[in-house]
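Structural characterization, general
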Amino acid sequence: MRRFLAGFAAVAAALIATTQPAAACAGLIGPNGAVNLLRTTTFAGYHNGVEHYVTSFQFAGGSGQFGSLIPLPGIPDKVEKGGAWTLQRLIRETTPVRRDIALLSANAAGSADKAIVLLEVRIDALDITVLQGGGAQVGQWATDHGFRLPPAAPEVLDFYANRSPIFLAAVFDADAAKARGQQIGDGTPVHVTIPTANPWVPLRILGLGKSADDRIDADVYLLTDSRPALLPYPFANGMRLDHSAVATTSLLDDLRSDKGMEWVPQSGWLSKIAIDASASQLTYDLAVDAKGTSPSRVAAGLQAPANVTGSSGQPTSDQIALIGLALAAFGAIFLLRKSQPVIG
Amino acid sequence: MIIRILVVMALAAFAASACTTANGAQLSTHVGIRIHYSHFDQTKIEVPLGVPITFTLINDDPIEHEWLIGDEAFHARHRAGTEAVHGDRPNEVSLPAMSMKTTTLTFDTPGPLTFICHFPQHEAYGMVGVVVVRS
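Predicted model only: the values in this text are computed from it and were never measured.

**Topic: the overall build of chain B**
- Counting secondary structure elements, chain B contains three helices and 11 strands.
- Helices and strands in chain B line up, N terminus first, as α-β-β-β-β-β-β-β-α-β-β-β-α-β.
- By residue count, 36% of the 135 residues in chain B fall in the buried class.
- For chain B, the proportion of contacts with a sequence separation of at least 24, taken over those separated by at least 6, is 64%.

Encoded structure:
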């Protein structure tokens, strides 16, 4: 059984587009290779062996299509429109406020060789496809569907596929968004439900398409039944543990009242991990042990899975030359045979 | 049986595919280059002057690449170019995802020539190599 759970990040890849929708934890890569990464927010809640992942795709104007390719830790049960305020409520919970402002607020408010399509769903202007396959298969699917993947994508897709061969492709149709009346800055929340053994938050993928010195900013909220153990520990590696405390009753009540969030338990532990790193720093993922004991080094990307054989099965350059020569020779024979005069 | 024949033919052709330079060096006239994880597996290749050199290019990545070989002025043009697909020039090869192509070139001037993939970000990612033409 895979020991991964949700949370994910996005390999973003341009389709045709001039739009720049932002998925939480997504690097956005424009059609000219330019990168526009917004500070992003994701929520990974884990309860009763099920990961609930909530992210948002933001409409940033323009027209055409734009896509994101997101590795998942397992096969989702459901992909549906997320609630309206979950992410915003989490930000409010952990954003430090000055006492005077707080007081004012209180006073005021009180397959084989192809990727397998497992699931397709349309959410507002988003076309979402859940895929199963190796890195090459999923990359091929993405290429066939117009994604322009950055040069690091083949290695990064393999890196994730070796851990979990499930990916979610999201294509944002900006024209449809405009037709729906979506305004610039409007987000489409997406809620993915994934049964899995432990939480897992891919982080390395945030650096995809970035230069080594490019900064990556992201916030990851984790809600677990008890205090989790994290690997690597968020300290001096481009990660910060900004919040780690028993979740307040008011937060849990608010989250539970949002659409699709009935699963939120009566008690839990809230962690907020802030990513403030250069792309070259993000060589790891965030492994989580929800029981607080031993997070997986494999899940953290610090150790390869046992079944990975690397690329030793690929032909060497000499073998390629031999293959080419053999094919050329075969072709030559074919041509020679075709040109033989018929003797009757 | 067919595989054995192919291997024998390939070995025979490969054995006959070397060329001796003026200083006595044996250089191959058939070169295999594999692209994997957006890198060329060979970044410095020596070939002989004035004889046809066949390059077999294998792209085993699930994304498109290209193999363009020329001097600095040639690459300066391609860095700013808008030609999406190359196909009818032997020194400009487009390689769709998971594909193999061969091209044959004869180099008439000794010295280095650079081969680069000019898709956005690919050169900066390291898709650069050199062919050194020896007389």
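**A short note on the overall build of chain A**
- When you go through chain A residue by residue, the secondary structure sums to seven helices and 16 strands.
- Expressed as a percentage of its 344 residues, the buried residues of chain A come to 49%.

**Observations regarding the packing of helix α3 (residues 135-144) of chain A against helix α4 (residues 153-161) of chain A**
Residue and element names in this part refer to chain A.
- Their axes nearest at 8 Å, the elements α3 and α4 cross at an angle of 130°. Taken together, the axes of α3 and α4 lie oblique to each other. Classified by chirality, the crossing of α4 by α3 is right-handed. For the pair α3 and α4, the contacting residues are Gly 135, Val 138 and Gly 139 in the first and Ala 153, Pro 154, Leu 157, Asp 158 and Ala 161 in the second.

**Describing the nonpolar core**
- Grouped together as the largest cluster of nonpolar side chains are 71 residues, with contacts concentrated most on Phe 167, Leu 168, Ala 170 and Leu 286 of chain A.
- The greatest single-element share of this core, amounting to seven residues, is contributed by strand β9 (residues 166-173) of chain A.
- In this structure, Val 31, Ile 35, Phe 55 and Ile 69 of chain B belong to the second largest nonpolar core, which totals 25 residues.

**Quick notes on the packing of helix α1 (residues 86-94) of chain A against helix α6 (residues 249-256) of chain A**
Residues and elements named next belong to chain A.
- Contact geometry for α1 and α6: axes closest at 10 Å, N-to-C directions at 170°. Viewed along their axes, α1 and α6 adopt a mutual orientation that is roughly antiparallel. From α1, Thr 86, Arg 89 and Glu 93 reach across to α6, where they touch Leu 251, Asp 254 and Leu 255.
- Classifying every residue of the contact of α1 with α6 gives two nonpolar, one polar and three charged.

**Topic: the sheet that holds strand β10 (residues 111-116) of chain B**
Residue and element names in this part refer to chain B.
- Judged by pairing direction, the sheet is mixed, and its five strands sit side by side in the order β5-β11-β10-β7-β8 without closing on themselves. Because the sheet does not close on itself, it has two edges, and the strands there are β5 (44-48) and β8 (92-95). Looking at each pair of strands side by side, their axes are set apart by 20° on average, direction ignored.
- Relative to β10, strand β7 (residues 65-70) runs antiparallel, the two being bridged by three bridges. Looking at the pairing, Leu 68 lines up with Ile 116 of β10.

**What to know about the environment of Asp 60 of chain B**
- Examined against the element boundaries, Asp 60 of chain B turns out to sit in the loop between β6 (52-59) and β7.
- Each C-alpha atom of the pair Asp 60 of chain B and Leu 95 of chain B lies 9.7 Å from the other, and the pair is 35 residues apart in sequence.

**Some points on the confidence of the model for chain B**
Residues and elements named next belong to chain B.
- On average, residues of chain B score 85 in pLDDT, and 77% of them are at 70 or above.
- Confidence, expressed as mean pLDDT per element, reaches its minimum in chain B at helix α1 (residues 2-15) with 46 and its maximum at strand β4 (residues 39-40) with 98.
- The low-confidence segment residues 1-12 (pLDDT under 50) makes nine contacts with residues lying over four places distant or belonging to another chain.
- For this predicted complex, the interface score ipTM comes out at 0.79, while the overall pTM is 0.74.

**Quick word on α3 of chain A**
All names here are of chain A.
- For α3, a buried count of nine out of 10 residues is recorded, marking the element as mostly surrounded by other parts of the structure.
- For α3, the full list of buried residues reads Gly 135, Ala 136, Gln 137, Val 138, Gly 139, Gln 140, Trp 141, Ala 142 and Thr 143.
- Where α3 ends, the next residue or the one after it, Gly 146, has phi of about 90°, a positive value.

**Details of unusual backbone geometry**
- For the peptide bond that leads from Leu 231 of chain A to Pro 232 of chain A, omega is -5°, which places it in the cis range.
- Within the element layout of this structure, Pro 232 of chain A appears in the loop between β13 (229-231) and β14 (239-246).
- The backbone of Asn 48 of chain A shows a phi angle near 55°, a positive value even though the residue is not glycine.
- Positive phi, normally seen in glycine, also occurs at Ser 38 of chain B, with a value near 60°.
- For Ser 38 of chain B, the position within the fold is in the loop between β3 (30-36) and β4.
- Here Ser 38 of chain B falls in the buried class, since 23 other C-beta atoms lie within 10 Å of it.

**Some details on the sheet that holds strand β11 (residues 200-201) of chain A**
Residue and element names in this part refer to chain A.
- In spatial order, the strands read β11-β16-β13; together these three strands make up an open sheet with antiparallel pairing. Here the strands that pair on one side only, and so sit at the sheet edges, are β11 and β13.
- Direction of pairing for β13 relative to strand β16 (residues 286-289): antiparallel, over a ladder of three bridges. Looking at the pairing, Leu 231 lines up with Ala 287 of β16.

**Topic: the confidence of the model for chain A**
Residues and elements named next belong to chain A.
- Averaged over all residues, the pLDDT of chain A is 73; the fraction at 70 or higher stands at 69%.
- Note on residues 98-111: pLDDT is under 50 here. Beyond four places in sequence and across chains, it has three contacts.
- Across residues 309-344, where pLDDT falls below 50, the model places 44 contacts with residues more than four positions away in sequence or in other chains.

Cut-offs applied
- Residues numbered from 1 in each chain as written.
- Chains lettered and ligands numbered in written order.
- Predicted model: local features only at pLDDT ≥ 70, side-chain atom pairs only at ≥ 80, totals over all residues.
- Helix = DSSP H or I, 4+ residues; strand = E, 2+ residues; numbered from the N terminus.
- Buried ≥ 20, exposed ≤ 12 C-beta atoms within 10 Å, placed from the backbone.
- Contact = placed C-beta atoms within 7 Å.
- Axes fitted to C-alpha atoms, helices over the stretch in contact; angles between N-to-C directions.
- Parallel < 35°, antiparallel > 145°, perpendicular 65-115°, else oblique.
- Left-handed = near helix turned anticlockwise from the far one by under 90°.
- Core = buried A, V, L, I, M, F, W, Y, C linked by C-beta atoms within 7 Å.
- Nonpolar A, V, L, I, M, F, W, Y, C, P; charged D, E, K, R; others polar.
- Pairing = 2+ DSSP bridges.
- pLDDT = per-residue confidence, 0-100.

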